[in-house]
Amino acid sequence: MRRTASGLIVLMAALFLWSGRYLDVHPAWGYLHAFAEAAMVGGLADWFAVTALFRRPLGLPIPHTAIIPENKDRIADTMAGFLRDNFLTPAVVGRRMGSMNLAQAVGSYLADPRATQDSRIRAGAGELAVEVLESLDPERLGTQVRTGLKTQLAKLEVAPLLGGMLEAMIADGRHRPLIDKIIRWAGLVLEDNETLVRDMVHKRANAVLRFTGLDERLANSVLDGLYKLLAEVLVDPDHPLRSKIEEGLQDLAHGLREDPEMRERIERMKQELLENPAIGDWWQGVWERLRANLIESIRSSNGSTGHDYIGETLGELGAALRDDERLQRQVNRFARRTAVGVATRYGDQIVRLVSETVKRWDAHTITDRVESAVGRDLQFIRINGTLVGGLVGMTIHTLDIYVI
């Protein structure tokens, strides 16, 4: 663009010299001559103005030239002040974030299959997840999570919750498989402890029964009766013992919800369980296995399986953000509060970073960076100045002939 603008000035100079030879041939050459003359003046004036921004024209020490390198510190302070006053104030950040539906935009992008199928996005998300998981201090994080869970569970009264869950199970009939499992478990326990039952019968039998050997028959009868009872309860859904068990479960659910004494006992049990060091050790092991399994899952099969899973997860997250207005409001509110908090706490530091960074640049660096950013547009200014100057010169030539 610089060569184009300079070439246009050279072309106007050549046109000026060429047209000057034919001014007496025809009046039209006068218009062309005036256009070329004024275009040269306009182009040279804009060349001087543009060049003076970045360096001294032709290396001459002309006042008020090389404006950017000579005033870089003042420019740095001005840029920082502009950034602070127009972008990093809490009011501006809050207003801009309030007018944006950031969650929906992110959700629409992630929900697009082309985005989640992009291997770079999946690989980047997978590597980020692995790095975060590996950088976490296992013991410290496990302790923090354990403490957080303990604090939240300590605040939660579990007895009414358990009672409500039990009542819901009974109302939906989901307790029946549980009763079946209890009956089967009772049968297995009885089978494993037949010897204990026989010993109990032998000890409680009198001498006559032991002498005649009837105690053994009595023990067999007791065991057979218990097995038969369990089998009948298991196969008969209307067995009276089942009804008794259901009544017991209903009473338990009601007690968990309404009985202060039972609720107090449950709370004491909960506190004793939370204070037990074994529970903390158990959670630590669970967290370590979970963390290791997540890392292995992401990196398994050369990363393809983990990345596919991450892609699916990102797609589901995107669909939720795109379609759920309530979730959008929550995410947008969080993003707005975070951005306002960053602007409030770190705005001055960000502004100071910008100012100090620009001040540390040498004159050559700041000139090159600014010129590379806006130089193309400045060369268009030179081209426009050349053409507009030529038109103004031709207009003045016309007025000179017909008006003045």
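Residues numbered from 1 in each chain as written. Predicted model: local features only at pLDDT ≥ 70, side-chain atom pairs only at ≥ 80, totals over all residues. Heavy atoms only, no water.

S.K.: I would appreciate a short explanation of the overall build of the protein in the present structure.
M.R.: If you tally the helices and strands in the protein, you get 20 helices and 0 strands. In the protein, which comprises 404 residues, the share counted as buried stands at 28%. For the protein, long-range pairs separated by at least 24 residues make up 71% of all intrachain contacts whose partners lie at least 6 apart in sequence. With an accessible surface of roughly 26,800 Å², the protein has 60% of that area assigned to carbon and sulfur atoms. (Helix = DSSP H or I, 4+ residues; strand = E, 2+ residues; numbered from the N terminus. Buried < 20%, exposed > 50% of the residue type's maximum accessible area, 1.4 Å probe, protein only. Contact = heavy atoms within 4.5 Å. Areas by Shrake-Rupley, 256 points an atom, 1.4 Å probe, with all protein chains shown as cover.)

S.K.: Would you take a moment to explain the packing of aromatic side chains for this structure?
M.R.: We describe a pair of aromatic rings using the distance from one ring centre to the other and the angle between the two ring planes. Applying the stated rule across the entire model yields 3 aromatic pairs. Taken together, a centroid distance of 5.9 Å and an interplanar angle of 75° make the contact between Trp 18 and Tyr 22 edge-to-face. Look at Trp 18 and you get partly exposed, because its relative accessible area is 41%. For the ring pair Trp 18 and Trp 29, a centre distance of 5.1 Å and an interplane angle of 85° mean the geometry is edge-to-face. A residue pair is termed long-range when its members are at least 10 positions apart, and Trp 18 in helix 1 (residues 2–20) and Trp 29 in helix 2 (residues 28–54) qualify at 11 residues. (Phe/Tyr/Trp six-rings, centres within 6.5 Å; stacked < 30°, edge-to-face > 60°.)

S.K.: For this particular structure, what's the right way to read the packing of helix 10 (residues 158–172) against helix 15 (residues 240–258)?
M.R.: The relative placement of two packed helices is expressed as an angle between their axes plus a distance between the axes. Axis separation between helix 10 and helix 15 bottoms out at 7 Å; the angle between their running directions is 150°. Classified by the angle between their axes, helix 10 and helix 15 sit roughly antiparallel to one another. As for how helix 10 packs across helix 15, the hand of that crossing is left-handed. Contacts from Ala 159, Pro 160, Leu 162, Gly 163, Gly 164, Leu 166, Glu 167 and Ile 170 in helix 10 reach Leu 249, Gln 250, Leu 252, Ala 253, His 254, Leu 256 and Arg 257 in helix 15. (Axes fitted to C-alpha atoms, helices over the stretch in contact; angles between N-to-C directions. Parallel < 35°, antiparallel > 145°, perpendicular 65-115°, else oblique. Left-handed = near helix turned anticlockwise from the far one by under 90°.)

S.K.: Quick question: what am I supposed to make of the packing of helix 2 against helix 20 (residues 363–402) here?
M.R.: Packing of helix 2 against helix 20 leaves a shortest axis separation of 6 Å and a crossing angle of 155°. Taken together, the axis directions place helix 2 and helix 20 in an arrangement best described as roughly antiparallel. The way helix 2 lies across helix 20 gives a crossing that is right-handed. Within the contact of helix 2 with helix 20, the residues separate by chemical class into 18 nonpolar, 12 polar and 3 charged. (Nonpolar A, V, L, I, M, F, W, Y, C, P; charged D, E, K, R; others polar.)

S.K.: Please explain helix 15 as it appears in this structure.
M.R.: Owing to its 3.6 residues per turn, the α-helix aligns residues three or four sequence positions apart on the same side. With 19 residues, helix 15 should cover 27 Å at 1.5 Å per step; its first-to-last C-alpha distance of 27 Å lies within 8% of that length. Every buried residue of helix 15 is listed here: Arg 242, Leu 249, Ala 253, Gly 255 and Leu 256. The buried residues of helix 15 occupy an angular sector of 165° when projected down its axis, which confines them to one face. Opposite the packed face of helix 15, turned more than 90 degrees from it, sit the exposed residues Pro 240, Lys 244 and Asp 251. (Expected span 1.5 Å × (residues − 1). Arc of directions from axis to C-beta.)

S.K.: Can you help me understand the confidence of the model for the protein in this one?
M.R.: Fine structural detail should not be taken from predicted coordinates in areas where pLDDT scores are low. Confidence in the prediction for the protein averages 78 pLDDT; 80% of positions are at 70 or higher. Confidence, read as mean pLDDT per element, is least for helix 13 (residues 207–212) in the protein (50) and greatest for helix 1 (91). (pLDDT = per-residue confidence, 0-100.)

S.K.: How do you make sense of the pattern of salt bridges when you look at a structure like this?
M.R.: A pair can form between side chains of opposite charge whenever their charged atoms are brought close. One pass over the structure, following the stated rule, counts 5 salt bridges. A salt bridge links Arg 265 to Glu 261; the shortest N-O distance between them is 3.6 Å. Here Glu 261 and Arg 265 lie together in helix 16 (residues 260–275), a separation of 4 residues that amounts to about one turn. Here Asp 323 ties to Arg 322 by a salt bridge, and the two come within 2.9 Å at their closest N and O atoms. Judged by relative accessible area, Arg 322 falls into the partly exposed class, the value being 34%. (Salt bridge = Lys/Arg side-chain N within 4 Å of Asp/Glu carboxyl O.)

S.K.: Explain the environment of Asp 324 here, please?
M.R.: Examined against the element boundaries, Asp 324 turns out to sit in the loop between helix 18 (304–323) and helix 19 (325–360). Residue classification places Asp 324 among the partly exposed positions, given a relative accessible area of 36%. Once the C-alpha coordinates of Asp 324 and Gly 107 are considered, the two residues, 217 residues apart in sequence, prove to be 9.8 Å apart. For Asp 324, the side chain forms a polar contact with the main-chain nitrogen of Arg 326, separated by 3.0 Å. Here Leu 327 takes part through its backbone nitrogen, which lies 3.2 Å from a polar atom of the side chain of Asp 324. (Polar contact = N/O pair within 3.5 Å; in protein donor to acceptor, adjacent residues only side chain to side chain.)

S.K.: What is the right way to read helix 11 (residues 176–192) from this model?
M.R.: Over its 17 residues, helix 11 runs 25 Å from end to end, which matches the ideal 24 Å to within 8%, given 1.5 Å per residue. Inspection of helix 11 places Ile 179, Asp 180, Ile 183, Gly 187 and Leu 190 among the buried residues, and these make up the whole buried set. For helix 11, the arc enclosing every buried residue in end-on projection is 105°, short of the 170-degree limit, so these residues lie on one face. In helix 11, the exposed positions angled more than 90 degrees off the buried face are occupied by Lys 181, Trp 185 and Asp 192.

S.K.: It is not clear to me how a positive patch on the surface should be interpreted in this structure. Could you clarify?
M.R.: On the surface, a cluster of positive charge is contributed by Arg 326, Arg 329, Arg 333 and Arg 337. Take Arg 333: it is sitting in helix 19. We classify Arg 333 as partly exposed; its relative accessible area is 33%. (Patch = residues over 30% accessible without salt bridge, like charges linked within 9 Å, V, L, I, M, F, W, Y side chains within 5 Å. Lys, Arg positive; Asp, Glu negative; His and termini not counted. Charge placed at Lys NZ, Arg CZ, Asp CG, Glu CD.)

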